[in-house]
Amino acid sequence: FSITDDYNRPSARAHHVAALDAMNGVIWIHGGYDESLLGDLWKFDTRTYAWNLISTLGPTARAHHVAVWDTLNQALWIH
């Protein structure tokens, strides 16, 4: 395992959510707190070890929340 790109990854954070899409080999990360609330949504490909920033515009910034991956609808539900 090695990190290939030091710049294209989420910042260190606490109180975020993570959900696993095992069928597609993806881990979704949303929000949390670094020195302020975060609202970014990231996708990590477990096959290529690559991070992709999906959105900085929503869902709204939050911490201490919950999320689940919906396999049937291929959707991330965040509350």
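Structure report, in brief. (Residues numbered from 1 in each chain as written. Predicted model: local features only at pLDDT ≥ 70, side-chain atom pairs only at ≥ 80, totals over all residues. Heavy atoms only, no water.)

**Overview of the sheet that holds strand E3 (residues 37-45)**
Across the sheet, four strands lie side by side as E1-E2-E3-E4; this open sheet has antiparallel pairing. Each edge of the open sheet is held by one strand with a lone partner, namely strand E1 (17-21) and strand E4 (50-55). Pairwise comparison of adjacent strand axes, ignoring direction, gives a mean angle of 20° for this sheet. As paired elements, E1 and strand E2 (residues 26-33) share five bridges and run antiparallel to each other. Pairing of Ala18 across the sheet is with Ile29, part of E2. (Pairing = 2+ DSSP bridges. Helix = DSSP H or I, 4+ residues; strand = E, 2+ residues; numbered from the N terminus. Axes fitted to C-alpha atoms, helices over the stretch in contact; angles between N-to-C directions.)

**Comments concerning the environment of Ala12**
Relative to the assigned elements, Ala12 resides in the segment before E1. Judged by its relative accessible area of 70%, Ala12 falls in the exposed class. Measuring from C-alpha to C-alpha, the distance between Ala12 and Gly32 comes to 9.4 Å, with 20 residues separating the pair along the chain. (Buried < 20%, exposed > 50% of the residue type's maximum accessible area, 1.4 Å probe, protein only.)

**Comments concerning the side chain of His30**
If you trace the backbone, His30 turns up in strand E2. Since its relative accessible area comes to 0%, His30 is described here as buried. At a separation of 3.4 Å, a polar atom in the side chain of His30 contacts the main-chain carbonyl oxygen of Pro59. Setting aside residues no more than four positions away along its own chain, His30 makes contact with His16, Val17, Gly39, Asp40, Leu41, Pro59, Thr60, Arg62, His65 and Ile78. (Polar contact = N/O pair within 3.5 Å; in protein donor to acceptor, adjacent residues only side chain to side chain. Contact = heavy atoms within 4.5 Å.)

Purely spatial values, then, with no claim about function.
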